[in-house]
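Next come the chains, spelled out residue by residue.
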Amino acid sequence: MKKKMSKPLAVILAAAMSLGLLAGCGGSGDSVSGDTQTAAEESSGEGSNDSQESADSSDMHTITMALIGNEQPRQEEIWAKVNELVEKDLNMHVNFIVLGYGDYINRLNLMLSGGDKLDILPINNGQAGSYINAGQIVDLKDYIYDYGQDIISSLGEDIATSAAVQGVVYGTPPNKESASRAGIVMRKDIVDELGIDVDSIHTYDDLTSVFEKVKAAHPELDCIAGTNILTQVPTWDPLMDQFGVLPNDGQDTTVVNLFEYEDFVNHARLVNEWYKAGYVKLDAATTTETSQNLVKAGSLFSYFSPIKPGFLAQENVVCNQEMVTAYIDKDDGSVSNIICSNNVNFFNWGIAQQSEDKVKAMQFLNYCYSSPEWNNLMNFGEEGVDYEKMDGSDIMIHYPEGADTASLYHFNMGWMLPNQYLGYVWEGNPEDVWQQYQDFNDSATYSKAFGFFADTSSLSTELTALYSVYNEYMNSVSTGSVSDFDATMKDFNDKLYAAGLQKVMDLKQEQLDAWLASQQ
Amino acid sequence: MKEEKVVAKTTSSRMQKFKTWYPLFLMMLPGAVYIIINNYLPMLGIVIAFKNVDFKKGILASDWVGFKNFEFLFSSSDAFVITRNTLLYNIVFIILNTFLGILFAIFICDVTSKHLKKLYQSAILFPFLMSMVIVGYIVFAFFSMQSGIVNKTILPALGREPIFWYNEPKYWPAILIFVNTWKGVGYGCLIYISAINGIDPSLYEAAELDGAGKLKQILNITLPSILPNVITLTLLSVGRIFYSDFGLFYQVPRNSGMLYSTTNVIDTYVYRGLMQQNNIGMSSAAGVYQSLVGFVLVLLANLIVSKVSKENALF
Amino acid sequence: MKRNRGYQILANTVMLLVTALVILPFVLLLMSSLTDENVLLANGYSFIPGKFSLGAYEYIFRSGDKIFRAYGMTILITATGTVANIAMTALFAYPLSLKKLPARRVITFLVFFTMLFNGGLVPSYILWSNYIGVKDTVWGLILPNLMLSPMNILLMRTYFETSIPDTLYEAAQIDGASQPKIFTSIVLPLGKPILVTIGTFSALAYWNDWNNGLYYITQRTDLYAIQSLLNKMVSDIQFLSQNSGNVSSDLAATLSKVPSTGVQMAIAFVAILPIIAVFPFLQKYYSKGIALGAVKG
């Protein structure tokens, strides 16, 4: 049947294709162009943001910048103001695209693949490798030195160029607190009621007795939940994907398997004991509720979280009650506070391959790192409308008295916008928060592999299998919800090795050794 | 085909033929144009499966890598499990949805009360309206180990111990099959309803006069009349036998790792493996592989059908 | 009729059971969305709200006219798209149902082929967005993917082929009727059951679609249809709660504002409410097609 069909099939297909192409272009071209016109009219009637484009000088270069965050009320007005500013300072225009947390990966991927108009984009460290590999983003190294002086001066040269995969700098990190000191966040009322001595909690082991007390007094409460119990206090440098890590706060330079690493296995065993004792939420591995919501609902006692300056004030609001925190450190009691490549470079600012003028894009990015006005406008909106200065302070700001906060612009993405250190400080934070962040970073232990990014793209077949195994076991191991711990860990590791873990580790080791040698 | 004979005929009969058929081809033109634009032109993208795409060079100019992008589908130890799961689930789904779809359609068409008929017809369509994410929540509402209705209310009432649903793979084939039927049976059912409604009522009247019972009427009139629809629908499902409803296998078991032995299918495997990697070549390869298997199977199935009864074959 | 009494009881019992099975989850959905968030989290889901609350709905409708505008968009695209879909499907399926149509098997095969193979998302995105230019227009929601389904063509073809007797066409041709005339006076009236069925599928596909919004609407978010809007909320929530384990302190602040499951239940309910309301009115169109005799006479 197939043979008989193939010839007429080919002829018809060819004919139909050429015919369809003509018809398609003619027909749909008409209708669509007609409609885009009306669409444009509509939107310009509505407002403000299009006025910027049609404003005046058509020779002015327009930068398209993608952001991640929530759409804001009044964003068109704010963006018009941003444009006034950028026009004055740089003689450029800027056009923003706001992506959501849940869809940014998909959308950026399409925009990059489709060659849409795009200059500057946020790059999550998890995607960086594939973007580089597919030639979707620009190597910034030379651009930074030539046009990014302000980036270097605000971040320091090491940090500014720290996102380098095999020498390709894919983006510049925002100025933020990067250290990852973490701990446990607990309900204060219960802590007080049971007389728990918060100051005596330093290690995972210390928590066992706390949970025991809580469970005895409040059997209806889950002591702990979340899939981050094991990974929130890392004593290793994950080298991005956890497949092959550097132990001892990244001070050892021999790549080992995390899931056989003593610290990890011991903690995992402990969490498994917690689970069996009923301390861990039964559904911890599958729930989609955040721990904060569970605390608020009164069904959870504590959870792990990164703890940074100003953290507790924010958390009290979220949990709708007073909370207390204790840092969890290494088992020997020494401080666990490590900075790895992926802490600093969580979301970086990169330039898309299709950018029409990469120099202008870099100049714009440089400007974003140097202009307090730009950062304040983008982050908090317009002074006097969206925020006002607190009495007696030049730097502290809050919502205007009596304003309807739901209708105000409050992007509040300081941790992602290039340089929040230049801007105001929102109410509730300490006044010297930027200095505290800086001190916090300075006090951390830098991994020996800080600034190193492995390029494992040649092993994508193995990585696919590894991710599959990882997904199969990780959540249940992290929440302790396995019945036979040792057997599960053995299966887990056997499957990882079968999937090619050793190959990935060897490749990382090889690249790391070469990188370390080049650093000396 | 009759082309050879046509050639012998005079040009005027060709004109005749053209005159007969051109209005019909004209009717098909909008659809044909749409299919070419929406389906055939992007199909050039299948080359992506065989390339290491570099957008600096453009898709077409990127390097060929042969079948390298396909390796990950076969190299892992999960390859057998995901293939087995995908196939078995789909076979069960096809059988169950066809059987229940026809059964419900017959019942609905035969119900004499107009109000009840409307109620049933709306009801079978309802699950269409619910996305799999939400279905996942509802299943969780029943089976959550801590607060689910089953563990909290039903099992204690029966004096049974709670069950760790999300840790035990053995319960999931039943749950997934139930959910799929719950959500999917309405689709075929509606097609069958319309087919049954299209049957000439005089056939039934005649049978009634002959004293044929309900069962006999169903066997002798209804089923043969809707058989072509059943075959079309089944062949279409066979073509997609290597695909699975991603939401069903990902959202409903809540991505619980311990359930993979009975919930992991090709689509979820590909998603989990490539989520972090964004590898367009490999995801394209997975699609090509799934399509190809479905294509071969459907050609075989169609061949068998056309051997048995030629007019019922799909093409 | 009397003879069939037992059969009627059987049919009704089975269908009532099915109906209950179908509707119960919706009741649970509604009840959970009306339960106080904290009670829901602490006690789990229940058919009877432990504590009644409209909080979840307040959360959704805080965005105000956005929701209503999105409803409007959804209705617009569903109506336009469905009409176009039915028209194109019927126009394509009717010739294909004629056994004597030249190249019939080849065309059928070509239609079927598109159900199996596709070039993937990126090529179709490039085509629709860069070459045809539907990006950030209402056409981006209507044109790509949804306007014609090969599956529907084949189903309708089969229906026409089996349910419309050839003798009717022959009689009409002897009377000198043109093809358009045959199409409007025989095919459409007799094909009503399948037209309504396919129309329903198409309308539901448009109503439930959020992919086109995700891919083709980037800056003109005022064009979002209701499902795009709601799906964006849900996907943001999911991303944030699922990544809560692995994020640095950066996301923690954002995470804190994530609404809980109750809101998602309410979102799901808001999305389907209008269509549930419309359903009963659609039902009369499912009734039998015009009896054959009427056309013959």
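Quantities reported herein were computed from a predicted structural model and do not represent experimental measurements. (Residues numbered from 1 in each chain as written. Chains lettered and ligands numbered in written order. Predicted model: local features only at pLDDT ≥ 70, side-chain atom pairs only at ≥ 80, totals over all residues. Heavy atoms only, no water.)

> Can you explain the overall build of chain B? Please cite residues and give values.
Per the secondary structure count, chain B includes 14 helices and two strands. In terms of C-alpha radius of gyration, chain B reaches 25 Å, well past the compact-globule figure of 20 Å for 315 residues. The C-alpha extent of chain B, read off along each of the three principal axes, is 80 × 70 × 30 Å. Per-residue burial over chain B gives 59% buried out of 315 residues. Restricting to contacts in chain B with at least 6 residues of sequence separation, those with at least 24 account for 65%. (Helix = DSSP H or I, 4+ residues; strand = E, 2+ residues; numbered from the N terminus. Rg over C-alpha atoms; globule rule 2.2 N^0.38 Å. Buried < 20%, exposed > 50% of the residue type's maximum accessible area, 1.4 Å probe, protein only. Contact = heavy atoms within 4.5 Å.)

> I'd like a rundown of the pattern of salt bridges, residues and numbers included.
One pass over the full model with this rule turns up 26 salt bridges over all chains. With its nearest N and O atoms 3.8 Å apart, the salt bridge here joins Glu71 of chain A to Lys66 of chain C. A residue pair is termed interchain when its members come from two chains, as with Glu71 of chain A in the loop between β1 (61-68) and α3 (75-90) and Lys66 of chain C in helix α4 (residues 65-97). Lys66 of chain C gets classed as partly exposed once you look at its relative accessible area, which sits at 37%. Between Asp329 of chain A and Arg181 of chain A there is a salt bridge, with the nearest N and O atoms lying 3.2 Å from each other. (Salt bridge = Lys/Arg side-chain N within 4 Å of Asp/Glu carboxyl O.)

> Can you break down the sheet that holds strand β8 (residues 300-306) of chain A residue by residue, with the values?
To summarise the sheet geometry, strands pair through backbone hydrogen bonds and adopt either a parallel or an antiparallel arrangement. All names here are of chain A. The four strands are arranged β7-β8-β6-β9 in an open sheet whose pairing can be described as mixed. Of all strands in the sheet, those bounded by a partner on one side alone are β7 (222-224) and β9 (323-327). Geometrically, the sheet is characterised by an average inter-axis angle of 20° between neighbouring strands, direction not taken into account. Examined bridge by bridge, β7 and β8 share two bridges and lie parallel to one another. Bridge pairing in β8 places Ile224 opposite Ser302. (Pairing = 2+ DSSP bridges. Axes fitted to C-alpha atoms, helices over the stretch in contact; angles between N-to-C directions.)

> Before we move on, can you summarise helix α18 (residues 433-442) of chain A with the specific residues and values?
All names here are of chain A. Every buried residue of α18 is listed here: Val433, Trp434, Tyr437, Phe440 and Asn441. Buried positions in α18, seen along its axis, are confined to an arc of 120° and lie on one side of it. Where α18 is buried, its residues touch β9, β10 (338-339), β14 (425-426) and β15 (445-446). (Arc of directions from axis to C-beta.)

The quantities given are spatial measurements derived from coordinates; they are silent on function.
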